[in-house]
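Remarks on the overall topology
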Amino acid sequence: MTGRLANKIVLITGAAAARGLGAAQARLFAAEGAHVIVSDIDDAQGEARVREICAAGGSAEYLPLDVTDEAAWEAAMVGILARHGRLDVLSNNAGVFAIEDVESTSLAAWQRIFAVNQTGVFLGMKHALPLLRLSAGGSIINFSSIGGLVGFGPAAAYQASKGAVRLLSKNAAMHCARDRIRVNSIHPGVIVTQMADSITPEVIQGFADSTPFGLGQPEDVAYAALYLASDESRYMTGAELVIDGGYTAR
Ligand SMILES: NC(=O)c1ccc[n+]([C@@H]2O[C@H](COP(=O)([O-])OP(=O)(O)OC[C@H]3O[C@@H](n4cnc5c(N)ncnc54)[C@H](O)[C@@H]3O)[C@@H](O)[C@H]2O)c1
């Protein structure tokens, strides 16, 4: 295989949704020569993504993985080590969203969003690091959001969880530097995916009107992730890559 990610073993969480940021990364990374491990809780969609990538000439496999489940992470790493001998890139992409302000958020909803968006990222890094150390230049890509940078309205638990991802990424970057493993966060603006479908048209229009370039497409973010996954970003760690069409520029 040739390409910017030739021969790299890449694990992407939450990569099943056809119009999602994870699937866009999976397609692009495979086209750039990676072997992509598509993981998700939606097995049917995950298998479909793998068939799609393989039909296009790429290399991929499906791994069922609920990012909130520590035992599932442990089992996933045992399997990847046995099949591939290492991991080169971990994209902690899985995430969930809810439009609820600080007063209307139930404790159960708060804990669910934190379990996926924050604890899932923590567990992924914790359990993937031994395999990333076996790579010649490991890279961790953690999905935060513009919601992890600036307040944007009624998404209290989501924003808090994404702010935590931002700082955890910097903490892990310091920890991993001795092994030359990079840890960076990506901060997309509002991108047209299944997640955006859960937001009312009025709220979406408000975001579009506040964004100089309007709403983004999944590929806009996937190319930023490609840079972080590739060896070209070898001197970049602890950084925040904002891909938001100018939303936070004002
Ligand atoms: N779309 C946006 O506008 C936007 C903006 C900023 C940040 N983000 C972040 O980018 C990432 C991807 O977002 P998206 O828009 O593609 O979302 P999406 O809802 O389209 O897809 C999310 C995927 O995660 C999977 N998933 C959910 N819970 C999971 C779990 N517990 N374990 C494993 N997989 C799980 C879903 O099945 C789905 O395939 C998320 O972390 C999100 O917060 C998205």
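What counts and what doesn't
- Residues numbered from 1 in each chain as written.
- Predicted model: local features only at pLDDT ≥ 70, side-chain atom pairs only at ≥ 80, totals over all residues.
- Buried ≥ 20, exposed ≤ 12 C-beta atoms within 10 Å, placed from the backbone.
- Helix = DSSP H or I, 4+ residues; strand = E, 2+ residues; numbered from the N terminus.
- Right-handed = clockwise from strand over helix to strand, strands pointing away.
- Pairing = 2+ DSSP bridges.
- Axes fitted to C-alpha atoms, helices over the stretch in contact; angles between N-to-C directions.
- Parallel < 35°, antiparallel > 145°, perpendicular 65-115°, else oblique.
- Left-handed = near helix turned anticlockwise from the far one by under 90°.
- Contact = placed C-beta atoms within 7 Å.
- Nonpolar A, V, L, I, M, F, W, Y, C, P; charged D, E, K, R; others polar.
- Near = placed C-beta within 6 Å.
- Core = buried A, V, L, I, M, F, W, Y, C linked by C-beta atoms within 7 Å.

**Observations concerning the pairing of strand β5 (residues 139–143)**
On a regular strand, each side chain points to the face opposite its neighbour's, so the side chains alternate between the two faces of the sheet. Among the 5 residues in β5, 5 count as buried, and that is most of the element. Burial along β5 is two-sided: S139, I141 and F143 facing one way and I140 and N142 facing the other are all buried. The handedness of the strand β4 (residues 89–92) to β5 crossover, carried by helix α4 (residues 107–132), is right-handed. In this sheet, strand β6 (residues 182–188) lies alongside β5 in parallel orientation, the contact comprising 5 bridges. Along β6, the bridge assignment pairs I141 with N184. Between the parallel pair β5 and β6, the chain is carried across by helix α5 (residues 156–176), and the sense of this crossover is right-handed.

**A few points about the packing of helix α3 (residues 70–84) against α4**
When two helices pack together, their arrangement is captured by the angle between the axes and the distance separating the axes. Closest axis-to-axis distance for the α3/α4 pair is 10 Å, and the angle between their directions is 20°. In terms of orientation, α3 and α4 fall into the roughly parallel class. Judged by the twist between their axes, the crossing of α3 over α4 is right-handed. Note on element contacts: α4 touches α3 through L123, G124, H127, A128 and L131, opposite E70, W73, E74, M77, I80 and L81. Among the residues making up the contact of α3 with α4, the classes are represented as 7 nonpolar, 2 polar and 2 charged.

**Considerations on the site of the ligand**
As a structural note, the neighbourhood of the ligand is formed by 29 residues, with G14, G20, G95, T193 and M195 the closest of them. Listing elements by their share of the shell around the ligand, those giving two or more residues are α1 (21–31) and α6 (194–197). With 3 residues, the single largest contributor to the shell around the ligand is α6. Here the residues of the shell around the ligand are counted per class, giving 16 nonpolar, 10 polar and 3 charged.

**Details of the nonpolar core**
Counting residues in hydrophobic clusters, the biggest one holds 66 residues, and the most contacted among them are V10, A26, F29, V36, V38 and A229. If we skip the residues at most four places from it in the chain, V36 touches V10, I12, A26, F29, A30, I53, G58, S59 and A60.

**Quick word on unusual backbone geometry**
Despite not being glycine, N7 shows a phi value in the positive range, around 70°. Its location among the elements puts N7 in the segment before β1 (9–12). Exposure remark for N7: the 12 C-beta atoms within 10 Å place this residue in the exposed category. Located in the positive-phi region is R180, a residue other than glycine, with phi close to 60°. By secondary structure assignment, the location of R180 is in the loop between α5 and β6. On the basis of neighbour count, R180 is assigned to the partly exposed category, with 13 C-beta atoms found within 10 Å.

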